[in-house]
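Notes for the structure review
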Amino acid sequence: MQRPLAAALLTAVALTLTACSAAPAKDTANPTAPTGVTAASGSAQTVHVMWNAATDDRAVTGYEVYQQGRKVKDLPATTLMVDIVNLTPATPYAFTVRARDAAGNRSPHSATVPATTLAASAQDRTPPTTPRTLQATADGSHGATLTWQPARDDTKVTAYDIYQADARIHTVPGTATTARLTGLRAGTVYSFTVRARDAAENSSPDSPTADLTTTPAPGAPPNTAPTDLTAKPAKGEVTLTWTPPSTGAPVTEHQLFLDGAFATTIIWGAEPPPGRATYTFTVPTTKPTRHSVKLRARLPDGTWGDFSAQRTVVVP
């Protein structure tokens, strides 16, 4: 009676080991082709290509941009736009985009989009004027719409570049005065500026900053970012003024981040001041230097809250 039982146990163990050691199914499914591909020339030597995210049964890991059928860019899955540079002035081009997954499967090519670079104007060294009255409106939890008054140029404004926290995230043609942004995070503070650009790659100064907070996800806690942050540069220093978040208790500490890295903790020696807070810090420099600054507050439970909108200053 023992031998059949032992044999049954060995068979069960063998089947279990076989099931555990079975190789996972090979990924042979291609991602979908990127949609909404656009290509627009903002100068004599560049074309800005954008697209919507593709989908995959597991995950898209990258995108490939093709120019006249030849691959010219490899990009991570988080990037949905790119500038193709060093092109020939006044020349037509055609672009497609493909998605790629971790197994190396590639999507079909997207629809082909044409773009013609602008004519060269090397003598143009005058930048456009600053775009005016920038406004930002949240479109739900993951989108925003920007609007502005057009800039002027001695030749022609050919593009507007949208910046978030001093990084360019979008470009629209020079005839546009609005931009729709997607892929934002829910309940998050954003800070936007716009620059105008002409065919000779001259860029205007930054527009005034427009802040917004996207709609929080259902059930999410309220945003805890400091608000109304201003940054005033002077010789070798910057003065910050802001409103601490409302937390139900005094906010006694803030962290200051300079150029994206932690710089110092601001601690009040006594009861924090009512209303708006002010702090001045030094920035050693021998020539005008561009810096970004942002803050976050320590909450009553000891954790750090959300970041404020970022400000960019040029310190003389």
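Reference entry: report on the structure contained in this document. (Residues numbered from 1 in each chain as written. Predicted model: local features only at pLDDT ≥ 70, side-chain atom pairs only at ≥ 80, totals over all residues. Heavy atoms only, no water.)

**A closer look at the overall build of the protein chain**
Tallying secondary structure elements over the protein chain gives one helix and 21 strands in all. Taking the principal axes of its C-alpha atoms as reference, the protein chain extends roughly 95 × 65 × 40 Å. Within the protein chain, the fraction of its 316 residues that count as buried is 40%. In the protein chain, of all internal contacts separated by at least 6 residues, the share reaching a separation of at least 24 is 64%. Accessible surface, the protein chain: about 16900 Å² in total, of which carbon and sulfur atoms supply 57%. (Helix = DSSP H or I, 4+ residues; strand = E, 2+ residues; numbered from the N terminus. Buried < 20%, exposed > 50% of the residue type's maximum accessible area, 1.4 Å probe, protein only. Contact = heavy atoms within 4.5 Å. Areas by Shrake-Rupley, 256 points an atom, 1.4 Å probe, with all protein chains shown as cover.)

**Re the sheet that holds strand S5 (residues 81-84)**
Taken in spatial order, the three strands make up an open sheet running S1-S2-S5, and their pairing is antiparallel. Looking along the sheet, the strands with just one partner apiece sit at the ends: strand S1 (38-41) and S5. Averaged over all adjacent pairs, the angle separating strand axes in this sheet is 20°, with direction ignored. Pairing of strand S2 (residues 47-50) with S5, which is carried by four bridges, proceeds in the antiparallel orientation. (Pairing = 2+ DSSP bridges. Axes fitted to C-alpha atoms, helices over the stretch in contact; angles between N-to-C directions.)

**Overview of the packing of aromatic side chains**
Taken as a whole, this structure holds eight aromatic pairs when the rule is applied. Note on Trp 242 and Trp 268: the rings are 6.4 Å apart at their centroids and 25° apart in plane angle, and the pair reads as stacked. Within this pair, whereas Trp 242 is found in strand S16 (residues 237-243), its partner Trp 268 is found in the loop between strand S18 (261-267) and strand S19 (277-282), the two being separated by 26 residues in sequence. Residues Trp 242 and Trp 268 agree in their burial class; the two are buried. Here the aromatic residues Phe 257, Phe 262 and Phe 307 are joined through ring pairs into a cluster of three or more. If you follow Arg 195 out to its NZ or CZ, it ends over the ring of Tyr 163, 3.9 Å from the centre. It is Lys 294 that lies over the ring of Phe 307; its NZ or CZ is 4.3 Å from the centre. (Phe/Tyr/Trp six-rings, centres within 6.5 Å; stacked < 30°, edge-to-face > 60°. Lys NZ or Arg CZ within 6 Å of the ring centre and 35° of its normal.)

**Focus: the environment of Pro 284**
Inspection of the secondary structure assignment puts Pro 284 in the loop between S19 and strand S20 (289-297). For Pro 284, a relative accessible area of 80% gives the class exposed. Along the backbone, Pro 284 and Lys 235 are 49 residues apart, and their C-alpha atoms lie at a distance of 9.1 Å.

**What about the layout of surface pockets?**
Taken as a whole, the largest pocket spans an internal volume of roughly 760 Å³. Along its surface, the largest pocket is lined by 21 residues, and Leu 80, Met 81, Ile 169, Thr 182 and Gly 183 are the ones closest to its centre. Counting residues per element, the ones that place at least two in the lining of the largest pocket are strand S11 (167-173) and strand S12 (178-181). Among the elements that take part in the lining of the largest pocket, S11 stands out by supplying three residues, more than any other. When the residues that make up the lining of the largest pocket are grouped by side-chain class, the tally is ten nonpolar, nine polar and two charged. Around the second largest pocket, the lining is made up of 21 residues, and of these Arg 185, Thr 188, Val 189, Phe 307 and Ser 308 lie nearest the centre. (1 Å grid on protein atoms, 1.4 Å probe; cavity = no way out; pocket = protein on both sides within 12 Å on 5 of 7 lines; lining within 4 Å. Points joined across faces, edges and corners; volume = space filled by probe spheres on them. Nonpolar A, V, L, I, M, F, W, Y, C, P; charged D, E, K, R; others polar.)

**Remarks on the sheet that holds S11**
Across the sheet, which stays open at both edges, the four strands sit in the order S11-S10-S13-S14 with antiparallel pairing between neighbours. Two strands lie at the open edges of the sheet, namely S11 and strand S14 (210-213), each paired on one side alone. The sheet shows a mean angle of 30° between the axes of neighbouring strands, taken without regard to direction.

**Side note on the environment of Leu 118**
With respect to the secondary-structure elements, Leu 118 resides in the loop between strand S7 (113-116) and strand S8 (132-139). Accessibility expressed as a relative area gives 25% for Leu 118, which makes it partly exposed. Considering only alpha carbons, one finds Leu 118 and Thr 158, 40 residues apart in sequence, at a separation of 8.9 Å.

**Some details on the side chain of Ser 191**
Positionally, Ser 191 belongs in strand S13 (residues 189-198). Relative accessible area serves as the criterion here: at 6%, Ser 191 is assigned to the buried category. A polar atom in the side chain of Ser 191 sits 3.2 Å from the side chain of Asp 211. Those residues in contact with Ser 191, other than ones at most four positions away along the chain, are Tyr 163, Gln 164, Ala 165, Thr 209, Ala 210, Asp 211, Ala 309, Gln 310 and Arg 311. (Polar contact = N/O pair within 3.5 Å; in protein donor to acceptor, adjacent residues only side chain to side chain.)

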